[in-house]
Amino acid sequence: MSILSSRTTRTAVVAVAAGALALAGCSKSDSGGDTGKSKNKKEAASQATAVKMGTAQDSTGPAEEVTGAKSGGTVQVYEEDDFSHLDPGQMYVSDAGLLAKLIFRGLTTYKEDAKGHLTVVGDLATDPGRMSDGGRTWTYTLKSGIKDETGHVIDANDIRHTFERLYDPFITDGPTYIQQWLSGAGTTYRKAYAGPFKGKHLPDTVLATPDDKTVVFHFGVPQPDLPQALTMAGYCVVPEKTDTKAKYDTRPVAVGPYRISEFKAGKNVKLVRNPNWDAKTDPMRHQYVDGFDIDINHDDEDQTKTLLADRGDAKNAVMFTGQVATTQVQKVVSDAAAMKRTVQGYAPYVWQMNFNLDRIKDKRIRDAITYAMPATAVYKADGGAYGGEVADNLMSPTTPGYQKDFDPFDRAKHPNGDIARAKKLIDEAGAKGRKIVYGYANIPVRQQQAVLVENALSKIGLDVQKKEIDAATWYEEVGKVKNGLDIYMTGWGQDWPSASTVIPPVYDGTQIQDGSSNYSHINDDHVNSEIARILKITDTAEATKAWTALNQYISTKVNPASPIYYTKVFQLAGSNVGGLRYSTVISYTDPTRIFLKS
């Protein structure tokens, strides 16, 4: 996945994350139908089903109309942190994933029904792809006449350029699935090809464009999940003629229903209608409102109070990655009118405390910290029962292969930590008084959680040295191999319903490098070899069993990270906003279908 944005993670995302992010979640369809109860694992499990492959007919536009939708007006959006990237090739966090849904398009996308079930369809392409050679070759035909905001018609050369530019060194973030699949060289994919800006293309045996409307991907091994991977924001098209390389991150060219009219870093982003977007070509998006005014620097407390008051612009407002503030949950839940304008869902993210295995090499210390983790208190600081629940292991209930009875650190009996057991392990390791550098993001929720974690670890004899990090660059900082930290929390969720988008990116030792999602720097021979083996299994059920077994090994034999809590989404909108629905793709309110009632 993606990483959830640390604003709430990277899904992904990766959650998206992230997850940052082709993000996923679980869902109740429309808001307003909830009875005041938070989502649960049973509902989360309903999304751990295979994504359906659509047809050419499914891939045509326009998207199904939203009941009662009207045109016009500007939606106010409140966000806590700035977008770390505007270049789609650099997008792998949840807030960017939301923005991407409005301004970018890729070869494929998801159509989502009222129950949150997903179907992959063609977006720029006429269908989700035509597979041949046992899954080693995929062919895409572009729809006719799709234009970017400048009026340029998207052609096969733009698609080729989109993927080739990802090899250039200036691309430091974003997903790497397809680059690695094309090269067959893991994280060293850049060694064989340095990108298109030096005048060379990938060979036609890897990526071919036989004519203006055809794109052919050639892989060394079968890649049955390519259509799902192509839905990610990181693989949205970047037209060749307007690509400004690193500068593209401040002024990207839109292909979706909206374009950026104003961007002030750290302050706001304004979107207006893209006149060159054609609804007839788009199976998923709408263009009901005139635009979106995204204001930065509004924390969850500020967002919730403003939306609860429901005055002025707040009546037309939504949260992007914001959540109902922990201190305001009961006010919202007890207000029947407010609850009618809430959105809830079970997100795919697992918040975990990563151990830097380069620094904490004694597993007894890692186990001690895991046993001591005050999971209940930590998740309650992030929205209580509406914000999450204690995580029993490193796999989310939304992921196929999750085992509800796999609880290696006895979270069921000690959800808020087992200090006695943890202290015993610290004594056995001779680690009493050891300094632990704890990195956390400088936002209220993470600051509150840091106090809880510090208190728990102090009780078992560790000397916690807290270090605040700017939330806007959180994942860039902890993603450095030499990050100078011992422990740090991240959230990861599936990019699509498969553990293949969770375990390999987070626990594969061959992926360790700056910017990698292997935040704990785990490099275990058995884990690495099993990942390589399971990725070659084409039978979904067999692969799922294997991922489940590997998840058990990682948790019990290595313990690279302490599972803390699974995430839920609880958002509030203004009373004049219609079309509210939780999206299992992005794990938040779906911005592509909202409208203003008056």
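Residues numbered from 1 in each chain as written. Predicted model: local features only at pLDDT ≥ 70, side-chain atom pairs only at ≥ 80, totals over all residues. Heavy atoms only, no water.

## Comments concerning the overall build of the chain
Thought 1: Looking only at helices and strands, the chain features 17 helices and 22 strands.
Thought 2: Computed over its C-alpha atoms, the radius of gyration of the chain comes to 23 Å, within 12% of the 25 Å expected for a compact globule of 598 residues.
Thought 3: Principal axes of the C-alpha set define a box for the chain whose edges measure 70 × 55 × 40 Å.
Thought 4: Classification of the 598 residues of the chain by burial places 64% in the buried group.
Thought 5: Total accessible area computed for the chain in this model is approximately 21,200 Å², and 49% of it derives from carbon and sulfur atoms.
Thought 6: Within the chain, one finds 70 positive and 72 negative side-chain charges whose respective centroids are separated by 3 Å. (Helix = DSSP H or I, 4+ residues; strand = E, 2+ residues; numbered from the N terminus. Rg over C-alpha atoms; globule rule 2.2 N^0.38 Å. Buried < 20%, exposed > 50% of the residue type's maximum accessible area, 1.4 Å probe, protein only. Areas by Shrake-Rupley, 256 points an atom, 1.4 Å probe, with all protein chains shown as cover. Lys, Arg positive; Asp, Glu negative; His and termini not counted. Charge placed at Lys NZ, Arg CZ, Asp CG, Glu CD.)

## What to know about the nonpolar core
Thought 1: Counting 149 residues, the largest nonpolar core has Phe163, Ile178, Phe217, Leu271, Phe292 and Ile294 as its most contacted members.
Thought 2: Setting aside chain neighbours within four positions, we find phenylalanine 292 in contact with Thr74, Val75, Val77, Leu102, Tyr258, Val269, Lys270, Leu271, Pro591 and Ile594.
Thought 3: Of all hydrophobic cores here, the second largest spans 13 residues; its members include Val329, Ala338, Tyr386 and Leu572. (Core = buried A, V, L, I, M, F, W, Y, C linked by side-chain atoms within 4.5 Å. Contact = heavy atoms within 4.5 Å.)

## A few points about the sheet that holds strand β9 (residues 207-211)
Thought 1: The strand order across the open sheet built from 4 strands is β7-β8-β10-β9, with neighbouring strands paired in antiparallel fashion. The two strands at the open ends of the sheet, each matched to only one other strand, are β7 (130-132) and β9. The average angle at which neighbouring strand axes cross in this sheet is 20 degrees, direction not considered.
Thought 2: As paired elements, strand β8 (residues 137-141) and strand β10 (residues 214-218) share 5 bridges and run antiparallel to each other. Across the sheet, residue threonine 139 finds its bridge partner in β10, namely valine 216.
Thought 3: Sheet strands touched by helix α3 (residues 156-164): β9 and β10. Its angle to β9, the strand with the most contacts, is close to 170 degrees. (Pairing = 2+ DSSP bridges. Axes fitted to C-alpha atoms, helices over the stretch in contact; angles between N-to-C directions.)

## Section: the pairing of strand β12 (residues 268-273)
Thought 1: Across 6 bridges, the pairing between strand β11 (residues 258-264) and β12 is antiparallel. Its bridge partner being in β12, lysine 264 is matched across the sheet by asparagine 268.
Thought 2: Between the end of β11 and the start of β12, which pair antiparallel, lie 3 residues, with glycine 266 showing a positive phi angle near 80 degrees.
Thought 3: Sheet topology places β12 next to strand β13 (residues 291-295); 5 bridges connect them, and they run antiparallel. Bridging from a neighbouring strand, valine 269 pairs with isoleucine 294 of β13.

## Some remarks on the pattern of salt bridges
Oppositely charged side chains are able to pair whenever their charged atoms sit close together.
Thought 1: Tallied over the full model, the rule gives 20 salt bridges.
Thought 2: The residue aspartate 243 makes a salt bridge to arginine 165 at a minimum N-O spacing of 2.8 Å. Pair noted here: aspartate 243 is in the loop between α6 (226-229) and β11 and arginine 165 is in the loop between α3 and α4 (177-183), with a separation of 78 residues, a long-range link.
Thought 3: When its relative accessible area of 12% is taken as the criterion, aspartate 243 is described as buried.
Thought 4: Accessibility expressed as a relative area gives 0% for arginine 165, which makes it buried. (Salt bridge = Lys/Arg side-chain N within 4 Å of Asp/Glu carboxyl O.)

## Describing unusual backbone geometry
Thought 1: With an omega of 0 degrees, the peptide bond running from glycine 61 to proline 62 counts as cis.
Thought 2: Tracing the sequence through the fold places proline 62 in the loop between β3 (52-53) and β4 (74-78).
Thought 3: A positive phi angle, near 80 degrees, is found at asparagine 297, a position not held by glycine.
Thought 4: Turning to its location among the elements, asparagine 297 is positioned in the loop between β13 and α7 (300-309).
Thought 5: Look at aspartate 410: it is not a glycine, yet its phi comes out positive at around 55 degrees.
Thought 6: Looking at where aspartate 410 falls in the secondary structure, it is placed in the loop between β16 (388-390) and α12 (419-429).

## Quick look at the environment of threonine 137
Thought 1: Examined against the element boundaries, threonine 137 turns out to sit in strand β8.
Thought 2: The exposure class assigned to threonine 137 is buried, which follows from its relative accessible area of 11%.
Thought 3: Residues threonine 137 and alanine 429, spaced 292 residues apart in sequence, show a C-alpha to C-alpha distance of 52 Å.

## Let's talk about the side chain of glutamine 571
Thought 1: Relative to the elements of secondary structure, glutamine 571 occurs in strand β20 (residues 561-572).
Thought 2: Among the residues examined, glutamine 571 registers a relative accessible area of 1% and is labelled buried.
Thought 3: Separated by 2.8 Å, the side chains of glutamine 571 and threonine 589 make a polar contact.
Thought 4: Leaving out residues up to four positions away in the same chain, glutamine 571 has contacts with Met319, Phe320, Thr321, Gly322, Gln323, Val324, Arg341, Thr342, Val343, Tyr588 and Thr589. (Polar contact = N/O pair within 3.5 Å; in protein donor to acceptor, adjacent residues only side chain to side chain.)

## Focus on the sheet that holds strand β5 (residues 108-112)
Thought 1: What the 3 strands build is an open sheet, ordered β3-β6-β5; its pairing is mixed. Whereas interior strands pair on both sides, the edge strands pair on one side only; in this sheet they are β3 and β5.

## Points about helix α17 (residues 540-558)
Thought 1: Here α17 contains 19 residues, and its C-alpha end-to-end distance of 26 Å stays within 8% of the 27 Å for a straight helix at 1.5 Å per residue.
Thought 2: Buried within α17 are the following residues: Ala543, Ala546, Trp547, Thr548, Leu550, Asn551, Ile554, Ser555 and Val558.
Thought 3: Between the side-chain oxygen at the start of α17 and the backbone nitrogen of alanine 541 there is a gap of 3.3 Å, and the oxygen is on aspartate 539.
Thought 4: Asparagine 559 sits one or two residues past α17 and shows a positive phi near 55 degrees. (Expected span 1.5 Å × (residues − 1).)

## Points about the side chain of aspartate 367
Thought 1: Note that aspartate 367 resides in helix α10 (residues 363-372).
Thought 2: Side-chain polar atoms of aspartate 367 contact the side chain of asparagine 559, separated by 2.8 Å.
Thought 3: Dropping the residues within four chain positions of it, aspartate 367 is found in contact with Phe409, Leu425 and Asn559.

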